[in-house]
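# Fold and geometry: a report
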Amino acid sequence: MRYVIHGAPGSGSGIVEAVCAELGVPYEVRDLDARNDEHRGDAYAGLNPHRKMPTLETEDGEILTESVAIVIALDERHPEAGLLPPPGSRDRAQALRWMVFLATEVYPLVEMVDYPTRFVDSADGAAAIRERAEALQRERWRVLEANVGGSPYCLASGFSATDLYITKLGVWLDREWRREHLPRVDALIAAVLARPRLAPVWARHVR
Ligand SMILES: N[C@@H](CCC(=O)N[C@@H](CS)C(=O)NCC(=O)O)C(=O)O
């Protein structure tokens, strides 16, 4: 099975690229011109009705959106790679817990920081939303920091797809702040960035 990943350099599509690279499955990247809002246009909405990245397309035309759903589906379809712990295990529950925490409690705040005028009309309101969303993001990252259960990875049992998710979102944080306030997350990210299979992914996604 060959996958097509729709996204853009530096965007959340790096999560799916990293998963495919770790799985060792063939994939092709189709970049959108996100700077010119190609992902907001009607053509892309045919693939992703929410007009966000990433979108995964399979060679038989199946479309999947929502980063966590994509990660779980890929793990289920390539279980031999063990990218997530086995279904039913306590480790899998914890891996899903922290991935979903990021997807639901942190990722939406990125939209508020990057596009505050989607939430309010006035410039003052936008500045206030950005400031509050940034503060909340940092508060929530501290929750994750306190729950990194392994060394360096999130699970004591070792590397999992959750570490990829943490890394892709974590590299968007201010590096100095991350180093000072999230030492365990920072060490986790350093370990994930150093994984040899992922070098081509991070070359596109981390500056
Ligand atoms: N719930 C979606 C969120 C995806 C998302 O927010 N993607 C960002 C990429 S960094 C995006 O497309 N942002 C562009 C925009 O909102 O215009 C998921 O988990 O896949």
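All of the points below concern the structure found in this document. (Residues numbered from 1 in each chain as written. Predicted model: local features only at pLDDT ≥ 70, side-chain atom pairs only at ≥ 80, totals over all residues.)

### Overview of the environment of Leu169
In plain terms, the rule: Helix and strand definitions here come from DSSP, where helices need a minimum of 4 consecutive H or I residues and strands a minimum of 2 consecutive E residues; each element is numbered from the N-terminal end. Field definition: a residue is buried when 20 or more other C-beta atoms are found within 10 Å of its C-beta, exposed when 12 or fewer are, and partly exposed for counts in between, with C-beta atoms placed from the backbone. By definition, residue pairs are in contact when their C-beta atoms, positioned from the backbone, come within 7 Å.
By the secondary structure assignment, Leu169 is in helix α6 (residues 161-170). When the 24 C-beta atoms within 10 Å are taken as the criterion, Leu169 is described as buried. C-alpha of Leu169 to C-alpha of Gly12: the two residues are 157 residues apart in sequence and 7.6 Å apart in space. Those residues in contact with Leu169, other than ones at most four positions away along the chain, are Leu102, Val106 and Tyr107.

### Section: the sheet that holds strand β4 (residues 63-65)
Defined as follows: Whether two strands pair comes down to DSSP finding at least two bridges between them. Fitted lines through C-alpha atoms give the axes, limited to the stretch in contact for helices. The angle between two N-to-C directions lies from 0 to 180 degrees.
Reading across from one edge, β2-β1-β3-β4 is the order of the four strands in this open sheet, with mixed pairing throughout. The open sheet has two edge strands, β2 (27-31) and β4, and neither has a second partner. Averaged over all adjacent pairs, the angle separating strand axes in this sheet is 20°, with direction ignored. Strand contacts of helix α1 (residues 13-23): β1 (3-7), β2 and β3 (55-58), with the helix running at about 155° to β1, the strand carrying the most contacts.

### Let's talk about the packing of helix α3 (residues 67-77) against helix α4 (residues 90-114)
Note the following rule: Geometric relationships in this document are graded by angle, where less than 35 degrees denotes roughly parallel, more than 145 denotes roughly antiparallel, 65 to 115 denotes roughly perpendicular, and other angles denote oblique. Classes in brief: Ala, Val, Leu, Ile, Met, Phe, Trp, Tyr, Cys and Pro nonpolar; Asp, Glu, Lys and Arg charged; the others, Gly included, polar.
At a minimum axis distance of 10 Å, the contact between α3 and α4 shows a crossing angle of 155°. Our classification of the angle between α3 and α4 gives roughly antiparallel. For the pair formed by α3 and α4, the contact residues are Ser67, Val68 and Val71 on the first element and Met99, Val100 and Ala103 on the second. Among the residues forming the contact of α3 with α4, the class breakdown is five nonpolar, one polar and no charged.

Everything listed here is a matter of coordinates, which is why it stays silent on function.
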